[in-house]
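Chains, contacts and geometry: an overview
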Amino acid sequence: MEQLTFYRDTWIEIDLDSIYNNVKNICKHVPENTEVIAVVKANGYGHGALQVAEEALTAGASSLAVAFMDEALALRHRGITAPILVLGITRPQDVDLAVSHDITLTACSAEWLHAAKQHKKTKRPVCLHVKLDTGMGRIGIREMGELKEFISCLDEGIFDVEGVYTHFATADELDTSYFEEQYQTFRTMLAWIEAEGIQPRKVHCANSATLLRFKDKLFNAVRSGIIMYGLTPSVEMNSLIPIEKKPAFSLHSRIAHIKKISKGDTVGYGATYQAEAEEWIGTIPIGYADGWLRKLQDFSVLVNGKRVPVVGRICMDQCMIRLTEKVPVGTLVTLIGKQGDTEVSAEEVASYLETINYEVVCLFSSRVPRVYIQKGAVVEIVNHLAP
Ligand code: PMH
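Residues numbered from 1 in each chain as written. Predicted model: local features only at pLDDT ≥ 70, side-chain atom pairs only at ≥ 80, totals over all residues. Heavy atoms only, no water.

Moving on, we get to the overall build of the chain. Assigned secondary structure in the chain consists of 11 helices and 21 strands. Expressed as lengths along the three principal axes of its C-alpha atoms, the size of the chain is roughly 80 × 50 × 40 Å. Across the 387 residues that make up the chain, the buried fraction comes to 53%. Of the contacts made within the chain by residues no fewer than 6 positions apart, 67% connect residues no fewer than 24 positions apart. (Helix = DSSP H or I, 4+ residues; strand = E, 2+ residues; numbered from the N terminus. Buried < 20%, exposed > 50% of the residue type's maximum accessible area, 1.4 Å probe, protein only. Contact = heavy atoms within 4.5 Å.)

Right under this line is the structure:
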């Protein structure tokens, strides 16, 4: 494995053992013979698609899902041979690329099948999963008429319908009524498909919330995203997680500069923070260009196991924190994660930013190196700025 380094004291740590254990626990939780599809889109929810894919496959996942073709190709080019499903819509002119790289595509309109047929030159069929829109309102076939037309365009030898799936809009909410409606619609549509003589080998509807809560509704595969990363699908579900899981993601920096300021002195752009007394201010090398957003002004980070506030406006590459005492330059600052028993979780950052934990872990730019830890030791460093 390539061993790189980085020269700015700000990094994301990804604990691969947590990913491994989370996936093992998911595999144990779902009924026997249920395939676990590890969702590694958006660079593995910010954790690193390749590293998460490898760990998830070792732990028992048997295939992967990504959002678009470029993400699938990036995994293939890095040596991943497991099946990969593209969840989004692929341009029909790219079907040959999918076939030649053994990439499974999502299909959800007769129009797309027509166009794909026109572009296809390779002999082998395109492997497809048919997406049904049972109420998410995003992509998918919604009606019987559409489905009939779609099926009539499925020429044998050109298309191989390996799978059928849908996605729930409210599986992570306490009120399960809309979920139940979607589930029943999926069953009805699936019956239509089977009545037309199509027997999909893989049927899946479950995201993390569904696989955790509705074990009897999983068909023969599940698409596991957020829970594999050790994060909860929603705040409502915090007390409804039947498996052990641990977040793999943490964010750290080090104090680069420290100074004493006097009562009345100000900190940062706009001079928005004014010291009320003599104070120690530390500067850390992380800013909004890294994903540490300006809205996180006044939020807390951890220094020596204690919470300290971010003061003044967050700059592009740096921000300032108020310390209770002078600490050495180089002191560890944890922005997401634990120091001793004190934790700032991705959920807490999400709540402060009025968003969800999914968005928080996806937020950090490629400028922040990812340090991969296994059995307590660094096994890989990914620094996109390295030559
Ligand atoms: N399947 C599909 C089609 C998805 O879009 C997602 C997540 C998952 C599975 C995994 O869901 P989980 O992480 O809750 O397990 N997609 C998104 C999204 O588009 N925005 O937020 C999550």
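Past the structure itself, the notes keep going.
Moving on, we come to the site of the ligand. The environment of the ligand is made up of Lys41, Tyr45, Leu87, Arg138, His167, Asn207, Ser208, Arg223, Gly225, Ile226 and Tyr358. One of the side-chain N or O atoms of Arg138 is found 2.9 Å from an oxygen atom in the ligand. When isolated, the ligand has an accessible area of 480 Å², and the protein chains bury 81% of it. Here the residues of the shell around the ligand sort into four nonpolar, four polar and three charged. (Near = heavy atom within 4 Å. Polar contact = N/O pair within 3.5 Å; in protein donor to acceptor, adjacent residues only side chain to side chain. Areas by Shrake-Rupley, 256 points an atom, 1.4 Å probe, with all protein chains shown as cover. Nonpolar A, V, L, I, M, F, W, Y, C, P; charged D, E, K, R; others polar.)

The biggest cluster of nonpolar side chains holds 118 residues, and the ones touching the most others in it are Val40, Leu75, Met228, Leu251, Trp292 and Ile321. If you count residues domain by domain, this core takes at least three from each of domain 1 (31–228) and domain 2 (249–382). The residues contacting Met228, other than those within four sequence positions of it, are Ile19, Asn22, Val23, Ile26, Ala38, Val39, Val40, Val52 and Ala56. Counting residues in each nonpolar core, the second largest holds eight residues, with Ile261, Val267, Ala275 and Val311 among its members. (Core = buried A, V, L, I, M, F, W, Y, C linked by side-chain atoms within 4.5 Å. Domains from an automatic or database assignment.)

Here we come to the pairing of strand 16 (residues 306–311). Across four bridges, the pairing between strand 15 (residues 300–303) and strand 16 is antiparallel. Along strand 16, the bridge assignment pairs Val301 with Val308. The loop that links strand 15 with its antiparallel partner strand 16 comprises two residues; one of these, Asn304, has a positive phi angle of about 50°. Strand direction decides the pairing type here: strand 16 and strand 17 (residues 319–323), joined by two bridges, are antiparallel. (Pairing = 2+ DSSP bridges.)

Turning next to the domain arrangement of the chain. The assigned domain composition of the chain is domain 1 (31–228) and domain 2 (249–382). Each partner contributes residues to the interface: domain 1 has eight residues there, and domain 2 has 10 residues. Here domain 1 meets domain 2 over a buried area of about 820 Å², counting both sides, of which 56% is carbon and sulfur. The three residues of domain 1 that bury the most area against domain 2 are His47, Gln51 and Ile226, which together make up 55% of that side's buried surface. Applying the counting rule to domain 1 against domain 2 returns zero salt bridges. On inspection of domain 1 and its partner domain 2, the count reaches four residue pairs in polar contact (both at pLDDT 80 or more). (Buried area = accessible area lost by both parts, 1.4 Å probe. Salt bridge = Lys/Arg side-chain N within 4 Å of Asp/Glu carboxyl O.)

The next thing to look at is the sheet that holds strand 3 (residues 63–66). On the basis of which strands lie adjacent, the closed barrel formed by eight strands has the order 2-3-4-5-6-7-8-9 and parallel pairing. On average, adjacent strands in this sheet sit at an angle of 30° to one another, irrespective of strand direction. The sheet contact formed by strand 7 (residues 159–165) and strand 8 (residues 202–206) spans three bridges and is parallel. Bridging across to strand 8, Val164 finds its partner in Val203. (Axes fitted to C-alpha atoms, helices over the stretch in contact; angles between N-to-C directions.)

Now for the pattern of salt bridges. Applying the stated criterion to the full structure yields 16 salt bridges. Here Lys246 and Asp15 are joined by a salt bridge, their closest N and O atoms 3.9 Å apart. Of this pair, Lys246 sits in the loop between strand 9 (221–224) and strand 10 (249–254) while Asp15 sits in strand 1 (residues 10–15), placing them 231 residues apart in sequence. Classification of Lys246 as partly exposed rests on a relative accessible area of 49%. Linking Glu35 and Lys202 is a salt bridge whose minimum nitrogen-to-oxygen distance equals 3.3 Å. With Glu35 in strand 2 (residues 35–39) and Lys202 in strand 8, the pair connects residues that are 167 residues apart, well separated along the chain. When sorted by exposure, Glu35 lands in the same class as Lys202, which is buried. In the salt-bridge network here, residues are joined through shared partners; they are Arg8, Asp290, Asp317 and Arg367.

So, on to the state of the cysteines. Scanning the entire structure with this criterion turns up zero disulfides. Of all cysteine sulfurs, the one in Cys108 lies closest to Cys127, which takes part in no disulfide; the gap is 15 Å. Unpaired in terms of disulfides, Cys205 finds its nearest cysteine sulfur in Cys27, a separation of 17 Å. We classify Cys205 as buried; its relative accessible area is 0%. (Disulfide = S-S within 2.5 Å.)

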